[in-house]
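Listed below, chain by chain, are the residues.
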Amino acid sequence: MRTRSTARTVIAALAGVLLAGSMAACGNSDTGGGSGGDDKLVLGFSQVGAESGWRTANTTSIKEAASEAGIELKFDDAQQKQENQIKAIRNFIQQKVDVIAFSPVVESGWDTVLKEAKDAKIPVILTDRAVDSADKSLYKTFLGSDFKKEGRLAGEWLVEQKKGATGPVNIVELQGTTGSAPANDRKAGFAEAIAADPNLKIIASQSGDFTRAGGKQVMEQFLKANPKIDVLFAHNDDMGLGALEAITAAGKVPGKDITIITVDAVKDGMQALADGKFNFIAECSPLLGPQLMELAKKVDAGEEVPARIETEETTFTQESAKEALPNRKY
């Protein structure tokens, strides 16, 4: 259990003894602080970046939840660079925050900085994305989605839709950021599911870096290199939305000439699905803020928490997207 409150109380008491005389002489009974302010939990959070509508909604959720929970949030945008996140985490350690949370840009290469946080007795929470460290004691818990399940759900839907196909079904895949947990797991889950049908073949797979611009650029390359594309599987809505532009520019009808499957279910993606431009979306909720604040308070208090906490999510077809859109929060 952290001793933040105890340490601050002792310091405050010593300061009070040393300054009592001068404070009385000035006739000032206001110390300018107060135990309530001193005891405010400080959370250092390093975000991947602002690469997509999903990420923007995730950042908003975290900032709003921190404010509502009375938690002081020190926020850092890593701009999709691991070196920026490592620097941010070290800054949080130097600032002696109470809890550190971050969404890792990639899975590997975190052991050293996480050990520094552990040695400083600052608990760490992983959000949205996992790390591949063999030492599970370096962080308290992981809060987020089951990315492999998302990929598997996308693949299972495609297998059902293409059941009875007599010839090859050519699939192109827009991967997320190379080395990231969602890209690795969504790819693996999708491949695992479509293996059930030998007609389903991935003919091209490349990273669009989770961005709309990346999705458009890579899809343009796919279309030039592959005259027959039946299906696009995009690891997030933003890449799928970028791909729509490339598909339309190539004279094809998205959702009809090319079946489009994505992951996330942000508003723009859901609108594309409702309009028939997308065909299926596996949800990945960005609204992790309230759960993160609850976890931060628990780990700061030394309470035991589950090693993995999954968010509740669903899938959408055109009809269910139409129903959900009016009340969509992101």
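Scroll up to find the structure this text is about.
Values in this document were obtained by computation on a predicted structure and should not be read as measured data. (Residues numbered from 1 in each chain as written. Predicted model: local features only at pLDDT ≥ 70, side-chain atom pairs only at ≥ 80, totals over all residues. Heavy atoms only, no water.)

Enquirer: Would you mind going over the nonpolar core with me for this structure?
Expert: A general feature of soluble globular proteins is that nonpolar side chains tend to end up buried together. In terms of nonpolar packing, the biggest core is built from 30 residues, with Leu174, Met219, Phe222, Leu232, Ile258, Met270 and Phe278 touching the most fellow members. Elements supplying a minimum of two residues to this core: strand E6 (169-175), helix H8 (212-225), strand E8 (231-234), helix H9 (237-249), helix H10 (267-274) and helix H12 (318-324). In terms of residues, this core owes the most to one element, H9, which gives six residues. Discounting chain neighbours no more than four positions away, the residues touching Phe222 are Val172, Glu173, Leu174, Ala204, Ser205, Gln206 and Ile229. Counting residues in hydrophobic clusters, the runner-up holds 21 residues, among them Phe147, Leu158, Ile171 and Val263. (Core = buried A, V, L, I, M, F, W, Y, C linked by side-chain atoms within 4.5 Å. Buried < 20%, exposed > 50% of the residue type's maximum accessible area, 1.4 Å probe, protein only. Helix = DSSP H or I, 4+ residues; strand = E, 2+ residues; numbered from the N terminus. Contact = heavy atoms within 4.5 Å.)

Enquirer: How should I be thinking about the sheet that holds strand E11 (residues 308-310) in this particular structure?
Expert: Across a sheet, paired strands are connected by hydrogen bonds in the backbone, their directions being either parallel or antiparallel. Pairing is parallel across the open sheet formed by six strands, whose spatial order is E2-E1-E3-E4-E5-E11. Since the sheet does not close on itself, it has two edges, and those belong to strand E2 (72-77) and E11, each with one partner. Neighbouring strand axes in the sheet, compared pairwise and without regard to direction, differ in orientation by 20° on average. Alignment of strand E3 (residues 99-102) against strand E4 (residues 124-127), held across three bridges, turns out to be parallel. The partner of Phe102 across the bridge, within E4, is Leu126. Lying over the sheet, helix H4 (residues 82-94) contacts strand E1 (42-47), E2 and E3, oriented at roughly 170° with respect to E1. Here helix H11 (residues 289-300) sits on the sheet in contact with E1, E3, E4, strand E5 (141-144) and E11, set at roughly 160° to E4. (Pairing = 2+ DSSP bridges. Axes fitted to C-alpha atoms, helices over the stretch in contact; angles between N-to-C directions.)

Enquirer: What am I meant to see in the packing of aromatic side chains here?
Expert: For any pair of aromatic rings, the description consists of the separation of the ring centres together with the inter-plane angle of the planes. Applying the stated rule across the entire model yields four aromatic pairs. Plain terms: the ring middles of Phe45 and Phe75 are 6.0 Å apart, the flat faces sit at 25° to each other, and that makes the pair stacked. One end of the pair, Phe45, is in strand E1; the other, Phe75, is in strand E2, and 30 residues separate them in sequence. Aromatic side chains Trp157 and Phe280 sit 4.9 Å apart centroid to centroid with 15° between the ring planes, which places their arrangement in the stacked category. Note that Trp157 is positioned in helix H6 (residues 147-161) and Phe280 in strand E10 (residues 280-283), a separation of 123 residues in sequence. (Phe/Tyr/Trp six-rings, centres within 6.5 Å; stacked < 30°, edge-to-face > 60°.)

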